[in-house]
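Tertiary structure, described
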Amino acid sequence: MSGPMDQFDELGQLAAALCEGEITPPEAARLEQLVRQTPEARSFLLRYVQLHGELYWDLAAGARLATSPGVDLPSRVAVQPRRAARAALTVLGRA
């Protein structure tokens, strides 16, 4: 049985791979196909990427409070959300 929930399960898995920088070219093509099919899929992806970025932002803010002055966070914390947002815009055809 295949239905809308199956599509969003797949979309969630692909969005996670995108945000973690681990998406493969075939997965990126499938993600693009899904988000071009419905406005709901596009909205889901944008909300997912936004939430991912907000979680990284909160993690970075918490880490700053917990570290000594002058200690920088790893660059991955700061760069990852931007990479995910750029990739999402590319998939949506807006980059």
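Reference entry: report on the structure contained in this document.

Reading the values: the criteria
- Residues numbered from 1 in each chain as written.
- Predicted model: local features only at pLDDT ≥ 70, side-chain atom pairs only at ≥ 80, totals over all residues.
- Heavy atoms only, no water.
- Phe/Tyr/Trp six-rings, centres within 6.5 Å; stacked < 30°, edge-to-face > 60°.
- Helix = DSSP H or I, 4+ residues; strand = E, 2+ residues; numbered from the N terminus.
- Salt bridge = Lys/Arg side-chain N within 4 Å of Asp/Glu carboxyl O.
- Buried < 20%, exposed > 50% of the residue type's maximum accessible area, 1.4 Å probe, protein only.

Let's shift gears to the packing of aromatic side chains. The tally for this structure, following the rule as stated, stands at two aromatic pairs. When the centroid spacing of 5.4 Å and the interplanar angle of 55° are considered together, the rings of Phe8 and Phe44 count as tilted. Here Phe44 lies in helix α3 (residues 39-66) and Phe8 lies in helix α1 (residues 4-19), a separation of 36 residues in the sequence. Their ring planes at 35° and their centres at 6.2 Å tell us that Phe44 and Tyr48 sit as a pair that is tilted. Here Tyr48 and Phe44 lie together in helix α3, a separation of four residues that amounts to about one turn.

Right, let's get into the pattern of salt bridges. Using the criterion set out here, one finds two salt bridges in the structure. The salt bridge partner of Glu10 is Arg30, with a shortest N-O separation of 2.8 Å. Linking Glu10 in helix α1 with Arg30 in helix α2 (residues 25-37), this pair joins segments that are 20 residues apart in sequence. Since its relative accessible area comes to 26%, Glu10 is described here as partly exposed. Of the charged contacts in the structure, one is a salt bridge between Glu32 and Arg36, with a shortest N-O distance of 3.0 Å. In this pair, Glu32 and Arg36 both sit in helix α2, four residues apart, roughly one turn of the helix.

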